[in-house]
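# Structural overview for review
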Amino acid sequence: MFVTIRYGKNQQAILNPDSKVANFISMVRNLSGCEKQAELAFCDETGNVRVLTECNYANEILQEREVLIPLKVIRQGKKIEFQPLLEDESITEEFISKLALENGKNAKGRSRAKGKGGAATDQAATGLKTRDAKKGTSVSPATRAKKTK
């Protein structure tokens, strides 16, 4: 299993996500030249954010053969911003605004991963709303239970 990390000026590296989150993030920090104390998150090439701090192993959140862009997390009070650590033509204003939208959905810093049926599930606590990736809407557990019956 591997993931591709895109960083810097069109650089990329293949990493094994079957490792402890601290080791995985440390390796990405070293590759990207980021400060040792910097908080990192990741996003795919469409801007879907993944925060790894809630899990033990990176592969609990990351998908096999996924292409990821590391994001520096900048906290200013309750406001959180993501700064891509990739200098590339794919980092457009639209991409940055997608990160801001994802930030609004994921503001508490919970881990998100694709679950069954294409929905991004909140792994920090059950009973919270999840985002249906196919429809782009939020669904509560009670509504989801009604749909499945």
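As the structure is a computational prediction, the values presented were derived from the model and not from experiment. (Residues numbered from 1 in each chain as written. Predicted model: local features only at pLDDT ≥ 70, side-chain atom pairs only at ≥ 80, totals over all residues. Heavy atoms only, no water.)

## What to know about the pairing of strand E1 (residues 3-9)
Counted residue by residue, E1 has six buried out of seven residues, so it is predominantly covered. Bridge count between E1 and strand E2 (residues 11-15): five bridges; the pairing is antiparallel. Across the sheet, the residue bridging to Val3 is Leu15, located in E2. Connecting E1 to the antiparallel partner E2 that follows it, the hairpin turn spans one residue, and Asn10 within it adopts a positive phi of roughly 55°. In this structure, E1 lies alongside strand E5 (residues 67-76), joined through two bridges in parallel fashion. For Thr4, the partnering residue across the bridge sits in E5 and is Val67. The sheet contact formed by E1 and strand E7 (residues 86-87) spans two bridges and is parallel. Across the sheet, Lys9 pairs through a bridge with Glu87, a residue of E7. (Buried < 20%, exposed > 50% of the residue type's maximum accessible area, 1.4 Å probe, protein only. Helix = DSSP H or I, 4+ residues; strand = E, 2+ residues; numbered from the N terminus. Pairing = 2+ DSSP bridges.)

## Section: unusual backbone geometry
In this structure, Asn10 takes a positive phi of about 55° despite not being glycine. Secondary-structure assignment places Asn10 in the loop between E1 and E2. With a relative accessible area of 51%, Asn10 lands in the exposed category.

## Considerations on the confidence of the model for the chain
Looking at the chain, pLDDT values average 75 and 68% of them are 70 or higher. Across residues 107-149, where pLDDT falls below 50, the model places 71 contacts with residues more than four positions away in sequence or in other chains. (pLDDT = per-residue confidence, 0-100. Contact = heavy atoms within 4.5 Å.)

## Thoughts on the pattern of salt bridges
Using the criterion set out here, one finds eight salt bridges in the structure. The partner of Glu81 in a salt bridge is Lys79, with the nearest N and O atoms 3.3 Å apart. Here the salt bridges share partners, and the residues they tie into one network are Arg6, Glu45 and Asp88. (Salt bridge = Lys/Arg side-chain N within 4 Å of Asp/Glu carboxyl O.)

## Considering helix H1 (residues 21-32)
Spanning 12 residues, H1 covers 16 Å between terminal C-alpha atoms, matching the ideal 16 Å at 1.5 Å per step. Turning to H1, its buried residues are Val21, Phe24, Ile25, Val28 and Arg29. Projection of H1 onto a plane perpendicular to its axis shows the buried side chains occupying an angular sector of 135°, all on one side. Within H1, the exposed residues directed more than 90 degrees away from the buried face are Ala22, Asn23 and Asn30. Note on H1: the residue one or two positions beyond its end, Gly33, has a positive phi of about 75°. (Expected span 1.5 Å × (residues − 1). Arc of directions from axis to C-beta.)

## Some details on the environment of Phe82
With respect to the secondary-structure elements, Phe82 resides in strand E6 (residues 79-84). Between the alpha carbons of Phe82 and Phe42 there is a distance of 9.2 Å; along the sequence they are 40 residues apart.

## A short note on the side chain of Arg6
In this fold, Arg6 is placed in strand E1. Assessed through its relative accessible area of 14%, Arg6 is described here as buried. Polar contacts involving the side chain of Arg6 include one to the side chain of Asp88, which spans 2.9 Å. Leaving out residues up to four positions away in the same chain, Arg6 has contacts with Gln11, Gln12, Glu45, Val67, Leu68, Ile69, Pro70, Leu86, Asp88 and Ser90. (Polar contact = N/O pair within 3.5 Å; in protein donor to acceptor, adjacent residues only side chain to side chain.)

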